[in-house]
Amino acid sequence: MPKLTETEVDRFLAEPGVLMRVAVVREDGSPLVTPIWFLHEDGAIYFTPRKRSEWFACLRRDARVALCIDEQALPYRKVLAEGEAELLHDIGEDDVWRGLYRRIAERYVPPEGADAYIRNTINQPRGLYRLPLKRARVTTWRMPLEGEAGEGIWHHRYYEEGAAFRNRV
């Protein structure tokens, strides 16, 4: 599959309404995946767990994350990132980053809805995390666009020996 160019990644991650799934590690080693809102700015993914969320407790103990940002419609763009999330602002520092919180909300609801969302959740303490993409392991792909070869789009490891598409990768 073709990888996304840097411009394609930036455009995709800026599209309103695209959810991210964040995977963290529970204390017993099992995974926990949660769909959340996010913001891509300055080469990093920003996200904000509420104080009482299970995944916040997991991140406090182990900052390793895997992020999955994808779409269900063609061309099935995908951005996967793995790394250590940085806690930028802990509980009680919400007012310092309220503008970023608003920008996150406005990606998912119109400005008046974002205002209402913030008013209705302002008393819910949160942390602010980011994952700088330059320090993460990032994988991207999409289906071929018009004019691009559609055969052998999967990595050769997915094809059994002798498969017709294997030699076209």
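Everything below is about the structure printed above this text.
Residues numbered from 1 in each chain as written. Predicted model: local features only at pLDDT ≥ 70, side-chain atom pairs only at ≥ 80, totals over all residues. Heavy atoms only, no water.

J.: Sorry if this is basic, but what is going on with the overall build of the protein chain here?
T.: In terms of regular secondary structure, the protein chain is built from four helices and nine strands. The order of α-helices and β-strands along the protein chain, N terminus first, is α-β-β-β-β-α-β-β-β-α-α-β-β. If you line up the protein chain on its principal axes, its C-alpha atoms span 60 × 40 × 25 Å. Relative to its full complement of 169 residues, the protein chain shows a buried share of 38%. (Helix = DSSP H or I, 4+ residues; strand = E, 2+ residues; numbered from the N terminus. Buried < 20%, exposed > 50% of the residue type's maximum accessible area, 1.4 Å probe, protein only.)

J.: Is there a simple way to explain the side chain of Asp-62 in this structure?
T.: Tracing the backbone shows Asp-62 in the loop between helix H2 (54-61) and strand S5 (64-70). Using a relative accessible area of 16% as the deciding quantity, one classes Asp-62 as buried. Polar contacts involving the side chain of Asp-62 include one to the side chain of Arg-64, which spans 2.7 Å. (Polar contact = N/O pair within 3.5 Å; in protein donor to acceptor, adjacent residues only side chain to side chain.)

J.: Honestly, the side chain of Arg-98 in this entry has me stumped. Any pointers?
T.: Turning to its location among the elements, Arg-98 is positioned in helix H3 (residues 98-106). Other than its neighbours up to four places away in sequence, Arg-98 contacts Ile-118 and Ile-122. (Contact = heavy atoms within 4.5 Å.)

J.: So what exactly am I meant to see when it comes to the packing of aromatic side chains here?
T.: Here a ring pair, both rings aromatic, is described through the centre-centre distance and the interplanar angle of the planes. Summed over the entire model, instances satisfying the criterion amount to seven aromatic pairs. For the ring pair Trp-37 and Tyr-108, a centre distance of 4.7 Å and an interplane angle of 5° mean the geometry is stacked. Here Trp-37 is found in the loop between strand S2 (31-36) and strand S3 (39-41), whereas its partner Tyr-108 is found in the loop between H3 and helix H4 (111-121), with 71 residues between them in sequence. Its relative accessible area of 26% is what places Trp-37 among the partly exposed residues. Ring geometry for Tyr-101 against Tyr-117: centres 6.2 Å apart, planes inclined by 55°, an arrangement best described as tilted. One end of the pair, Tyr-101, is in helix H3; the other, Tyr-117, is in helix H4, with 16 residues separating them in the sequence. Since its relative accessible area comes to 3%, Tyr-101 is described here as buried. Taking the relative accessible area as the measure of exposure, Tyr-117 reaches 24% and is therefore partly exposed. Ring pairs connect the aromatic residues Trp-37, Trp-97, Tyr-101, Tyr-108 and Tyr-117, which therefore count as one cluster. If you follow Arg-107 out to its NZ or CZ, it ends over the ring of Phe-38, 4.4 Å from the centre. (Phe/Tyr/Trp six-rings, centres within 6.5 Å; stacked < 30°, edge-to-face > 60°. Lys NZ or Arg CZ within 6 Å of the ring centre and 35° of its normal.)

J.: Teacher, can you tell me more about the sheet that holds S3 here?
T.: To summarise the sheet geometry, strands pair through backbone hydrogen bonds and adopt either a parallel or an antiparallel arrangement. The strand order across the open sheet formed by four strands is S3-S4-S8-S7, and the pairing between neighbours is antiparallel. Two strands close off the open sheet at either side, each with one partner strand: S3 and strand S7 (86-89). Neighbour-to-neighbour, the strand axes of the sheet open up by a mean angle of 35°, direction not taken into account. Strand direction decides the pairing type here: S7 and strand S8 (residues 128-132), joined by three bridges, are antiparallel. Residue pairing for S8: Glu-86 is matched across the bridge by Arg-130. Where H2 meets the sheet, it contacts strand S4 (44-47), S7 and S8, and its direction lies at approximately 60° from that of S8. In the packing of H3 onto the sheet, contacts are made with S3, S4 and S8, and the angle to S3 comes to roughly 120°. (Pairing = 2+ DSSP bridges. Axes fitted to C-alpha atoms, helices over the stretch in contact; angles between N-to-C directions.)

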